[in-house]
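# Observations on chain architecture
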Amino acid sequence: MDILVSTQWLSGVLDADGLRILDATWFLPGTDRNARDEFEAAHIPGAAFFDLDGVSETEAPVAGKLPPDHKFASRMRALGIGDGDRIVVYDNSPLRTAARAWFLLKAYGVREVAVLDGGLEKWKAEGRPLETGPAAPGQGHFTAALERERVVDKGEMMALLGASGRQIVDARGPARFAGEEPEPRPGMAAGHIPGARNVPYSSLYNPDGTFKRGEALRAAFEGAGVDPSRPIVATCGSGVTASALVFAAQLLGNEDVRLYDGSWAEWGADPATPKATGRA
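This section reports on the structure supplied with the text. A quick note: this is a predicted structure, and the numbers were derived from the prediction, not measured.

Conventions and cut-offs
Residues numbered from 1 in each chain as written. Predicted model: local features only at pLDDT ≥ 70, side-chain atom pairs only at ≥ 80, totals over all residues. Heavy atoms only, no water. Salt bridge = Lys/Arg side-chain N within 4 Å of Asp/Glu carboxyl O. Buried < 20%, exposed > 50% of the residue type's maximum accessible area, 1.4 Å probe, protein only. Helix = DSSP H or I, 4+ residues; strand = E, 2+ residues; numbered from the N terminus. Pairing = 2+ DSSP bridges. Contact = heavy atoms within 4.5 Å. Axes fitted to C-alpha atoms, helices over the stretch in contact; angles between N-to-C directions. Right-handed = clockwise from strand over helix to strand, strands pointing away. Polar contact = N/O pair within 3.5 Å; in protein donor to acceptor, adjacent residues only side chain to side chain. Phe/Tyr/Trp six-rings, centres within 6.5 Å; stacked < 30°, edge-to-face > 60°. Lys NZ or Arg CZ within 6 Å of the ring centre and 35° of its normal. Core = buried A, V, L, I, M, F, W, Y, C linked by side-chain atoms within 4.5 Å.

For the rest of this paragraph, the subject is the pattern of salt bridges. For the coordinates displayed, the defined rule picks out 19 salt bridges. The partner of Glu126 in a salt bridge is Lys122, with the nearest N and O atoms 2.5 Å apart. Overall, Glu126 belongs to the partly exposed group, its relative accessible area being 34%. A residue is classified by how much of its surface remains accessible, and Lys122, at 25% relative accessible area, is partly exposed. One salt bridge in this structure joins Arg279 and Glu180, with 2.7 Å as the shortest N-O distance. Taken together, the residues span a long stretch of sequence, with Arg279 in the segment after helix H10 (263-267) and Glu180 in the loop between helix H7 (174-178) and strand E8 (197-198) at a distance of 99 residues.

Further remarks concern the sheet that holds strand E3 (residues 48-49). Spatial ordering of the open sheet is given by E1-E5-E4-E2-E3, a layout of five strands whose pairing is parallel. On the outer flanks of this sheet lie strand E1 (4-5) and E3, each paired with one strand and no other. Alignment of strand E2 (residues 19-23) against E3, held across two bridges, turns out to be parallel. Each residue of the ladder has a partner; that of Asp23, found in E3, is Phe49. Packed onto the sheet, helix H4 (residues 98-107) meets E2, strand E4 (86-90) and strand E5 (113-116) and runs at close to 180° relative to E5.

The alternating pattern of E5 places Val113 and Val115 and Ala114 and Leu116 on opposite faces, both of which are buried. Relative to E5, E1 is paired through two bridges, and the arrangement is parallel. In the strand pairing of E5, Val5 is matched with Leu116. Two elements, E4 and E5, share three bridges in a ladder whose sense is parallel. Bridge pairing in E5 places Val88 opposite Ala114. The handedness of the E4 to E5 crossover, carried by H4, is right-handed.

Looking down a regular strand, the side chains alternate between one sheet face and the other. Here strand E10 (residues 257-260) shows a buried face lined by Val257 and Leu259 and a second buried face lined by Arg258 and Tyr260. Two strands pair when backbone bridges link them, and strand E6 (residues 151-152) and E10 are joined in this way by two bridges, in the parallel orientation. In the sheet register, Val152 faces E10, and the bridge partner there is Tyr260.

Here we take up the side chain of Thr273. Position of Thr273 among the secondary structure elements: in the segment after H10. In this structure Thr273 comes out as buried when scored by relative accessible area, which is 6%. Among the polar contacts listed, one links the side chain of Thr273 to the backbone oxygen of Trp267, at a separation of 2.7 Å. For Thr273, the contacting residues outside a window of four places in its chain are Lys154, Met158 and Trp267.

This next bit is on the packing of aromatic side chains. The tally for this structure, following the rule as stated, stands at seven aromatic pairs. Consider the rings of Trp102 and Phe247, whose centres lie 4.8 Å apart with planes at 90°: the pair is edge-to-face. On the criterion of sequence distance, the pair formed by Trp102 in helix H4 and Phe247 in helix H9 (residues 242-251) is long-range, its members being 145 residues apart. Residue Phe247 is classed as buried on the basis of its relative accessible area, which comes to 0%. Following the ring pairs from residue to residue traces out a cluster consisting of Trp102, Tyr205, Phe211 and Phe247. Lying over the aromatic face of Trp123, Arg128 brings its terminal NZ or CZ to 5.8 Å of the ring centre.

With 59 residues, the main nonpolar core has Phe50, Phe72, Leu105, Leu204 and Phe221 as its most contacted residues. Of all the elements in the fold, those that place two or more residues in this core are helix H3 (69-78), E4, H4, E5, helix H8 (214-222), strand E9 (232-235), H9 and E10. Once residues within four sequence positions are removed from consideration, Phe50 is found in contact with Leu22, Asp23, Ala24, Val55, Phe72, Met76, Leu79, Ala101, Leu104 and Leu105. Residues Leu10, Ile21, Ala47 and Leu120 belong to the second largest nonpolar core, which totals 17 residues.

This part covers the side chain of Lys65. With respect to the helices and strands, the residue Lys65 is situated in the loop between E3 and H3. A distance of 3.3 Å separates the side chain of Lys65 from the backbone oxygen of Asp261, its partner in a polar contact. A distance of 3.4 Å separates polar atoms of two side chains, one belonging to Lys65 and the other to Glu266.

Here it is in structure tokens:
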């Protein structure tokens, strides 16, 4: 299974043994949309709701930190996910949050996981079947083991400052990256990690929500001064949209991309970390 699958492909394998479908829609707190309610109103047949807030470390002082293995395993078992399952994730969010679910599943050891290109919006536009109501996925047997090499922590980020080996790429919008607008979280400094380049996650997608491919996708990186074939560490506000950078780089064949667990929610809240402003 490719890491990016089409609506046509998925429609032909909905009832396949060992295939699980997850709706990973998520919205920023404070918006007027509720992801679970929207799931119950309409979702792809057989899908379960992947609650991204439910698979973060609630004891951590910043949002979005990766949970311990046992917590992630528990959440996946409750979704009916088992070891060896093939998983397709999709979303219906302007934040393109299926990439976050893809990253989490890969980071905790799932071998075959794909993103549905265009998500629920494309599925619905094509008139494909939908279900309503809550999911009842049953209980799976899932073993989680975080692959530590997929993430970096704040100490490792500090060590990268001024180094030439790994590019730092920020997925937030240009105004937030430049420090021209305030952060949505209270008490948070504005700006970005010194030396970072800005590739807004939205630049990775076509207007219909499908991923750019080939030279168009490569241009999204190169236009910001990033070589998508070289090692990258991706960051954003809390690790959600940075996952799209990880996914996009892998579409281009680069598997040496790590995610800063904590991202600006951690870096921007620490008075001791250096910050930069302005557009790169």
